[in-house]
Amino acid sequence: MDGGMDGGAPCEAWAVVSSEVAAMAARLHWHAGQMGDIRRHALSVGLLSWESPAGGNFRAYLAERCEDLGRTMDLLERAAQELGTFARLVRDAEERQRGAGP
């Protein structure tokens, strides 16, 4: 079969749960990247020259939202790392179970 989601060992047909957990970790990592893209775009808008009071308020609002996005990205990345660790533990358990056999 193909390689694991984290670049680890190939996924065996019996390693269903660990593969699903690794896929969830990859999706969380992808979503964190998407938020990073949104954050970069918002930060670039905040760099524009705003000469009105409303523009200044909007820039302050964008800065606050970018901080929120940064914190959310960090949380998603940490969750993805933890899920990756969990996937490896589940895969080890699946291998031991498979080795024990019926």
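As the structure is a prediction and not an experimental result, all values here were calculated from the model.

### Things to note about the side chain of Ser18
- Considering the arrangement of structural elements, one finds Ser18 in helix 1 (residues 16-46).
- In this view, Ser18 contacts Ala87, Val90, Arg91 and Glu94; residues no more than four positions away in its chain are not counted.

### Considerations on the pattern of salt bridges
- Going through the model one piece at a time under the given rule, you end up with 5 salt bridges.
- Its salt-bridge partner being Glu64, residue Arg65 comes within 3.7 Å of it at the nearest N-O pair.
- Assessed through its relative accessible area of 30%, Arg65 is described here as partly exposed.
- Using a relative accessible area of 44% as the deciding quantity, one classes Glu64 as partly exposed.
- A network of salt bridges, in which partner residues are shared, links Glu64, Arg65, Asp68 and Arg71.

### Regarding the nonpolar core
- Counting 5 residues, the largest nonpolar core is built from Val21, Ala22, Ala25, Leu83 and Ala87.
- Every element with two or more residues in this core is listed here: helix 1 and helix 2 (53-100).
- For Ala87, the residues in contact, after removing those within four places along its chain, are Ser18, Val21 and Ala22.

### Looking at a nonpolar patch on the surface
- A cluster of nonpolar side chains, Val45, Leu48, Trp50, Phe58 and Tyr61, forms an exposed patch at the surface whose accessible area comes to about 440 Å².
- Assignment of secondary structure puts Trp50 in the loop between helix 1 and helix 2.

### As for the confidence of the model for the chain
- For the chain, per-residue confidence averages 86 on the pLDDT scale, and residues scoring 70 or more make up 84% of the total.
- Note that residues 1-8 has pLDDT below 50 and, in this model, 16 contacts with residues that lie over four places away or in other chains.

### So, the packing of helix 1 against helix 2
- Here helix 1 crosses helix 2 at 165°, and the two axes come no closer than 8 Å. One element, helix 1, and the other, helix 2, form an angle in the roughly antiparallel class. The handedness of the crossing between helix 1 and helix 2 comes out as left-handed.

Rules used throughout
- Residues numbered from 1 in each chain as written.
- Predicted model: local features only at pLDDT ≥ 70, side-chain atom pairs only at ≥ 80, totals over all residues.
- Heavy atoms only, no water.
- Helix = DSSP H or I, 4+ residues; strand = E, 2+ residues; numbered from the N terminus.
- Contact = heavy atoms within 4.5 Å.
- Salt bridge = Lys/Arg side-chain N within 4 Å of Asp/Glu carboxyl O.
- Buried < 20%, exposed > 50% of the residue type's maximum accessible area, 1.4 Å probe, protein only.
- Core = buried A, V, L, I, M, F, W, Y, C linked by side-chain atoms within 4.5 Å.
- Patch = residues over 30% accessible without salt bridge, like charges linked within 9 Å, V, L, I, M, F, W, Y side chains within 5 Å.
- Areas by Shrake-Rupley, 256 points an atom, 1.4 Å probe, with all protein chains shown as cover.
- pLDDT = per-residue confidence, 0-100.
- Axes fitted to C-alpha atoms, helices over the stretch in contact; angles between N-to-C directions.
- Parallel < 35°, antiparallel > 145°, perpendicular 65-115°, else oblique.
- Left-handed = near helix turned anticlockwise from the far one by under 90°.

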